[in-house]
Structure formats: C-alpha cells, structure tokens
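Here is how the chains run, residue by residue.
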Amino acid sequence: MFRKIWAKCVNYETVSYVVCGVLTTLADWGVFGILNEQFRMDYRISTALSWLAAVLFAYVANKLVVFRSFRFQPAYLWKEWWAFFAARAFSGILVMVLMIVLVDLLHWGSFCIGGLEAGLYLAKAVVSVLNLVLNYGFSKLWIFKK
C-alpha cells in the first residue's frame, strides 16, 4: 500500500512542481527581501510586487517544466495565462490577507532578532507553504489539466 501511495505522490510532475515551487519561492522571497530590506518599502507593497514577480516566473516554469504544456497558439496562451493569473490572483489576495492578519493583527511583525524583522519572515514562510499547496491544486485541476 505504501508503494502505491509513494508512486502516486512521487513522480515527475510532483517532484518538478516542488523544485519549481522552491525556485518560485526564492524569486518571491528575493524580491521581497530586496524591496523590504534595501528599499525599506512597506511590507504590503513588497508582498504585492514580489507576488507579481513570482507569478511571472511560475507561469513559465509550470507551463514548460512541470505540466509540459507546449501549445503556443496566441488564443490558447491568452486563455491559459488568464486562468493562471486569475488563480494566482485569488491565492495572492489570500496571501495578502494572511500576511496582514499575522503581521498586524497578531503582531508577528514586532518580533525582531537584531535588526531583522524575524516575525515578518516567519509569517511569509507560513503563508508561502499554504500558497504552494493551493497553487498546485489550481494548476493541476484547472489550468494545465490534460
């Protein structure tokens, strides 16, 4: 039974999704960190801009690497892109709401280690994991379905 579950869960698609998801998360966090730490932007603006960068990267990675969708007709690309963007917009709104709840309402943002806003990054980590799972479901079941 364990082998059946393993074979169902560990395959090219799931492994490549995790790898691309990690790379997308690194892009998200990299842009977030630069905007937040170097440019001292408000975390909400940093979150929105880093989300946009991650969505652009994720679309290409998911289309080509994970789900191997090689249809490039303009009408198809347009439909696929907007489905992807709509799903990511929904999860992006959820990310923003959860960040505000964790940082402002639950005061995670006040937890600092030295000059680093550790609570802010902890909130970002929690939200990133939830976002990864939600986005896989959207991509698998709706956007890049076979």
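For the structure given in this document, a descriptive report is provided here. Note that the structure is predicted; figures quoted are calculated from it, not measured.

By the definition in use, this model includes 16 aromatic pairs. Taken together through their ring pairs, the aromatic side chains of Tyr17, Trp51, Tyr59, Phe67, Trp78, Trp81, Trp82, Phe84, Phe85, Tyr136 and Phe144 make up a single cluster. Lying over the aromatic face of Phe72, Lys63 brings its terminal NZ or CZ to 5.0 Å of the ring centre.

This part is about the layout of surface pockets. The calculated volume of the largest pocket comes to roughly 170 Å³. Tyr76, Lys79, Glu80, Ala83, Trp142, Ile143 and Lys145 are the residues that line the largest pocket. Residue assignment for the lining of the largest pocket shows that the elements contributing at least two residues are α4 (74–105) and α5 (118–143). Looking at which element gives the most residues to the lining of the largest pocket, the answer is α4, with four residues. Class assignment for the residues of the lining of the largest pocket results in four nonpolar, no polar and three charged.

Glancing now at a nonpolar patch on the surface. A surface patch of nonpolar side chains, amounting to about 940 Å² of accessible area, comprises Phe2, Trp6, Val10, Val15, Val18, Val19, Val22, Leu23, Leu26 and Phe57. Mapped by element, the contributors of at least two residues to the nonpolar patch are α1 (2–9) and α2 (12–38). Within the secondary structure, Val22 is located in helix α2.

Looking now at the nonpolar core. The nonpolar side chains of soluble globular proteins are, as a tendency, buried together. Ranked by size, the top nonpolar core spans 15 residues in total, and within it Phe84, Ile143 and Phe144 carry the most contacts. Elements with a minimum of two residues in this core: α2, α3 (43–66) and α4. With six residues, the top contributor of residues to this core is α3. The contact partners of Ile143, leaving out residues within four places of it in the chain, are Glu80, Ala83, Phe84, Ala87 and Phe138.

To continue, consider empty space enclosed by the protein. Inspection of every chain in the model, using the stated rule, returns one cavity of 30 Å³ or more. Contributing to the lining of the largest cavity are 21 residues, with Thr24, Ala54, Arg88, Asn131 and Asn135 lying nearest its centre. Counting only elements with at least two residues in the lining of the largest cavity, the list comes to α2, α3, α4 and α5. Counted by class, the lining of the largest cavity contains nine nonpolar, nine polar and three charged residues.

The tally for this structure, following the rule as stated, stands at six salt bridges. A salt bridge links Lys63 to Glu80, with the shortest nitrogen-to-oxygen separation between them at 2.7 Å. Taken together, the positions of Lys63 in helix α3 and Glu80 in helix α4 put the pair 17 residues apart, joining distant regions of the chain. Just as Lys63 is buried, Glu80 falls in that class too. Each member of the salt-bridge network shares a partner with another, and the members are Asp42, Arg44 and Asp104.

What follows deals with the packing of α3 against α4. Between two packed helices, the angle of one axis relative to the other and the distance separating the axes together describe the packing. Where α3 contacts α4, the axes come no closer than 10 Å and their chain directions differ by 145 degrees. The element α3 and its partner α4 pack so that their crossing is right-handed. Its residues placed into classes, the contact of α3 with α4 shows 18 nonpolar, three polar and five charged.

Here we take up unusual backbone geometry. Notably, Arg68 is not glycine yet its phi reads approximately 45 degrees, a positive angle. You can see Arg68 is positioned in the loop between α3 and α4. Phi at His107 is positive, roughly 60 degrees, even though this residue is not glycine. With respect to the element layout, His107 can be found in the loop between α4 and α5.

Rules and cut-offs
Note on numbering: residues in each chain are counted from 1, in written sequence order. Only residues with pLDDT of at least 70 are given local features in this predicted model, and only at 80 or more are side-chain atom pairs given and counted; all residues enter the totals for whole chains, interfaces and linings. Heavy atoms from the whole structure form the basis of all side-chain values; hydrogens and water molecules are not counted. Two rings from Phe, Tyr or Trp (for Trp, the six-membered ring) form a pair when their centres are within 6.5 Å of each other. A pair whose planes differ by under 30 degrees is stacked, one over 60 is edge-to-face, and the rest are tilted. Should the NZ of a Lys or the CZ of an Arg lie within 6 Å of a ring centre and within 35 degrees of the ring normal, that charge is described as sitting over the ring. A cavity, in this analysis, means grid points on a 1 Å lattice covering only the protein atoms where a 1.4 Å probe fits yet has no way out; a pocket is instead an open set bounded by protein on both sides within 12 Å along at least five of seven lines, and a residue lines either one if it has an atom within 4 Å of a point. Grid points are joined across faces, edges and corners, and a volume is the space filled by probe spheres set on the points. Runs of E in the DSSP output that reach at least two residues are strands. Runs of H or I that reach at least four are helices, and both are numbered from the N terminus. Any residue outside Ala, Val, Leu, Ile, Met, Phe, Trp, Tyr, Cys, Pro, Asp, Glu, Lys and Arg is labelled polar, Gly included; the first ten of those are nonpolar and the last four are charged. Patch rule: a residue counts if its relative accessible area is over 30% and it has no salt bridge; like charges are joined within 9 Å, and nonpolar side chains (Val, Leu, Ile, Met, Phe, Trp, Tyr) within 5 Å. Surface accessibility follows the Shrake-Rupley procedure with a 1.4 Å probe radius. Residue values consider only the protein chains on display as shielding. Whenever Lys or Arg places a side-chain nitrogen within 4 Å of a carboxyl oxygen from Asp or Glu, that contact is recorded as a salt bridge. By convention a nonpolar core is built from buried Ala, Val, Leu, Ile, Met, Phe, Trp, Tyr and Cys residues, the set being connected through side-chain atoms within 4.5 Å. Exposure categories follow from relative accessible area, calculated using a 1.4 Å probe and restricted to protein chains: below 20% of the type maximum is buried, above 50% is exposed, and the middle band is partly exposed. Any two residues whose heavy atoms approach within 4.5 Å at even a single point are treated as in contact. Note on method: axes are straight lines fitted to C-alpha atoms, helices fitted across the in-contact stretch only, with angles between N-to-C directions ranging 0 to 180 degrees. Crossing handedness is defined as follows: a turn of the near helix away from the far one that is anticlockwise and smaller than a right angle gives a left-handed crossing, while the clockwise case is right-handed.

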